[in-house]
Amino acid sequence: AVGRPLNTIRFTSVQENPGHRDWLGIILSPQSSNCVFEYTAFSYAESALNCTQNTSPFISNSTFSSNYFYAVNCEAGSTAVIRDCEIRYSSFSGLLLKNDSVPTVIGNLIEWCAYGIVCYSPSVIEGNTVRDAGSSTFAVGIDVRQTGNPITNVEIKNNTVEGFTTVTGASTTVAIGIRVDTG
């Protein structure tokens, strides 16, 4: 799906009053090849774009807004390139980089997501701006975690993480810019 700067291709709800989870999202199967999403817009999906095992989509200059779980999910073996996108208002994570995926994430703006980027895998995360976590009770800009074996070969360079504030009230709010869990 290749749109133009002033003529984006839209993937969205058909509801008159759209809301989170109105549609499932797009799932790229292992048989998907040469997938390009450029100048596209995704909104109101449960999870906008799911890159399953061994897919390698190129996603650029696209917007993701008001998707429920995450904008882009990279599964094992996915080598997605996600660059120059705007990601806003995901209830969980802007980007979810799961075990054994090897994505490249460059130059994106991610804001108003509880977690900006959650990374469980070797990845390149460079030149992104992650900010304004919103009203979540726990918020992290870039969260590198391990499950099982330690993660190696994660490159986190020249990112800007801002606007994470701690709020007190009935329940404690925790806000962290970058968290790296080494086990």
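What counts and how
- Residues numbered from 1 in each chain as written.
- Predicted model: local features only at pLDDT ≥ 70, side-chain atom pairs only at ≥ 80, totals over all residues.
- Heavy atoms only, no water.
- Helix = DSSP H or I, 4+ residues; strand = E, 2+ residues; numbered from the N terminus.
- Buried < 20%, exposed > 50% of the residue type's maximum accessible area, 1.4 Å probe, protein only.
- Polar contact = N/O pair within 3.5 Å; in protein donor to acceptor, adjacent residues only side chain to side chain.
- Contact = heavy atoms within 4.5 Å.
- Phe/Tyr/Trp six-rings, centres within 6.5 Å; stacked < 30°, edge-to-face > 60°.
- Lys NZ or Arg CZ within 6 Å of the ring centre and 35° of its normal.
- Pairing = 2+ DSSP bridges.
- Axes fitted to C-alpha atoms, helices over the stretch in contact; angles between N-to-C directions.
- pLDDT = per-residue confidence, 0-100.

For the rest of this paragraph, the subject is the side chain of serine 93. Tracing the sequence through the fold places serine 93 in strand S11 (residues 93-97). Residue class for serine 93 comes out buried when judged on its relative accessible area of 0%. Reaching out from serine 93, the side chain makes a polar contact with the backbone oxygen of leucine 95 at a distance of 2.7 Å. Residues within four places of serine 93 in sequence aside, it is in contact with Phe69, Tyr70, Ala71, Cys113, Tyr115, Gly116, Ile117 and Val118.

Attention now moves to the packing of aromatic side chains. Inspection of the entire model under this criterion finds seven aromatic pairs. Where phenylalanine 11 meets phenylalanine 42, the ring centres are 4.8 Å apart and the plane angle is 20°; that geometry is what we call stacked. One end of the pair, phenylalanine 11, is in strand S1 (residues 9-11); the other, phenylalanine 42, is in strand S4 (residues 40-43), with 31 residues separating them in the sequence. Given a relative accessible area of 1%, phenylalanine 42 falls into the buried group. Through a chain of ring-to-ring contacts, the aromatic side chains of Phe11, Phe37, Phe42 and Phe64 assemble into a single cluster. Note that arginine 21 overlies the ring of tyrosine 68, its terminal NZ or CZ placed 4.5 Å from the centroid.

A few words on the sheet that holds strand S12 (residues 104-106). Taken in spatial order, the six strands of this open sheet run S3-S6-S9-S12-S15-S18, and their pairing is parallel. The open sheet has two edge strands, strand S3 (36-38) and strand S18 (155-157), and neither has a second partner. Adjacent strand axes in the sheet meet at a mean angle of 5° when their direction is disregarded. Of the strand pairs in this sheet, S12 and strand S15 (residues 124-126) are connected by three bridges, and their pairing is parallel. Paired with threonine 104 across the two strands is valine 124, which belongs to S15.

Of all residues except glycine, most have a negative phi; of all peptide bonds, most are trans. You will see that tyrosine 89, though not glycine, has its phi angle at about 60°, which is positive. By the secondary structure assignment, tyrosine 89 is in the loop between strand S10 (86-88) and S11. A relative accessible area of 42% places tyrosine 89 in the partly exposed class. Phi is positive for asparagine 158, close to 55°, though the residue is something other than glycine. Accessibility expressed as a relative area gives 63% for asparagine 158, which makes it exposed.

Across the chain, the average pLDDT comes to 86, with 83% of residues at or above 70. The model gives residues 166-173 a pLDDT under 50, and that stretch makes nine contacts with residues more than four places away or in other chains.

Read from one edge of the open sheet, seven strands run S1-S4-S7-S10-S13-S16-S19, paired in parallel fashion. Edge positions in the sheet fall to S1 and strand S19 (160-162), since each has one partner strand and no second. Neighbour to neighbour, the strand axes of the sheet diverge by 10° on average, direction disregarded. Pairing of strand S16 (residues 129-131) with S19 involves three bridges; the strand directions are parallel. The residue of S19 that forms the bridge with arginine 131 is glutamate 162.

The topology assignment puts threonine 55 in the loop between strand S5 (47-51) and strand S6 (58-60). With 24 residues separating them along the chain, threonine 55 and glutamine 31 place their C-alpha atoms 7.8 Å apart. Ignoring anything within four residues of it in the chain, the contact list for threonine 55 reads Leu28, Ser29, Pro30, Gly77, Ser78, Thr79 and Ala80. Reaching out from threonine 55, the side chain makes a polar contact with the backbone oxygen of threonine 52 at a distance of 2.8 Å.

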